[in-house]
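Coordinates in review
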Amino acid sequence: GEYNRPAIRPFTKIEDWNFSALQQSGYKDYRDEVPAKDVPKYVFMGFEKAGHPQYKFDSRTEHHFAYVLEHDKHVQKWLRPAENQLRIYWHFNTRRYYPDFIVETADKIYMVETKAANELASIDVQEKMRAALKYCRYASEFTATNGGKPWAYALVPHDEVRKDASFEGMVGRNTKREHQTA
């Protein structure tokens with residue numbers, strides 16, 4: 001069933017990440033190509049539009065998506081939210097959802113999840129998407145009354161994330177609406 005409407009506001013401060021890297025060789029510039037299996041080993045740096053100076057990525061898809069965000073002229077700022085940045089619950093409010101990216105453009109704020117194409121229709125991904133869409137609706141209601149930008153949710157399949165892709169193209173094809181499935 002439906003729960004009482006939570007008090008959801010867009011975040012007011014950017015939470016810090018807590019991660020480590022190998023002292024000698026654990027850091028890479030985000031523009032460096034790294035074998036897919038090695039991406040989670042490194043802390044990437046050199047970002048100019050990001051909310052933090054360094055990030056770790058779980059996959060090559062996330063690494064390449066960050067590259068697109070840094071180079072796309074429509075992206076003003078972006079963030080990989082830390083674990084305590086957003087409070088989004090799913091599976092009957094028993095699990096937390098941690099979206100991959102928050103991206104700001106001139107007219108909108110996007111919550112973006114990159115996911116393997118063959119997992120888009122899975123029950124877990126669909127439940128997380130419903131929770132994220134609800135969060136975006138409530139955040140948009142708040143920002144509409146406080147002079148902010150509306151929020152939208154995009155579920156981007158991994159096979160659409162390429163360094164030469166545009167952010168607008170990826171989210172344009174993959175922005176979701178409430179009561180929609182992948």
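Our subject is the structure that appears above.
Residues numbered from 1 in each chain as written. Predicted model: local features only at pLDDT ≥ 70, side-chain atom pairs only at ≥ 80, totals over all residues. Heavy atoms only, no water.

1. Regarding the pairing of strand S8 (residues 109-115)
- Burial analysis of S8 places seven of its seven residues in the buried class, the great majority of the element.
- Alternating positions in S8 separate into two faces, Ile109, Met111, Glu113 and Lys115 on one and Tyr110, Val112 and Thr114 on the other, with burial throughout.
- Strand direction decides the pairing type here: strand S7 (residues 101-104) and S8, joined by four bridges, are antiparallel. Bridge pairing in S8 places Ile102 opposite Met111.
- Taken together, S7 and the strand that follows it, S8, pair antiparallel across an intervening segment of four residues.
- Pairing between S8 and strand S9 (residues 151-157): seven bridges, direction parallel. (Buried < 20%, exposed > 50% of the residue type's maximum accessible area, 1.4 Å probe, protein only. Helix = DSSP H or I, 4+ residues; strand = E, 2+ residues; numbered from the N terminus. Pairing = 2+ DSSP bridges.)

2. Side note on the packing of aromatic side chains
- Using the criterion set out here, one finds 14 aromatic pairs in the structure.
- For the pair Tyr55 and Trp78, a centre-to-centre distance of 5.1 Å together with 35° between the ring planes defines the contact as tilted. A residue pair is termed long-range when its members are at least 10 positions apart, and Tyr55 in strand S3 (residues 54-55) and Trp78 in strand S4 (residues 77-79) qualify at 23 residues.
- The class for Tyr55 is buried, based on a relative accessible area of 0%. (Phe/Tyr/Trp six-rings, centres within 6.5 Å; stacked < 30°, edge-to-face > 60°.)

3. Here's the deal with the pattern of salt bridges
- Following the criterion strictly, the structure yields 11 salt bridges and no others.
- Among the salt bridges present, the one from Glu113 reaches Lys115, with a minimum N-O distance of 3.5 Å. One exposure class covers both Glu113 and Lys115, and it is buried.
- Across the pair Asp164 and Arg162 runs a salt bridge whose closest N-O atoms are separated by 3.0 Å.
- Assessed through its relative accessible area of 63%, Asp164 is described here as exposed.
- Residues joined in a network through salt bridges with shared partners are Glu33, Arg60 and Lys163. (Salt bridge = Lys/Arg side-chain N within 4 Å of Asp/Glu carboxyl O.)

Nothing here speaks to function; it is geometry throughout.
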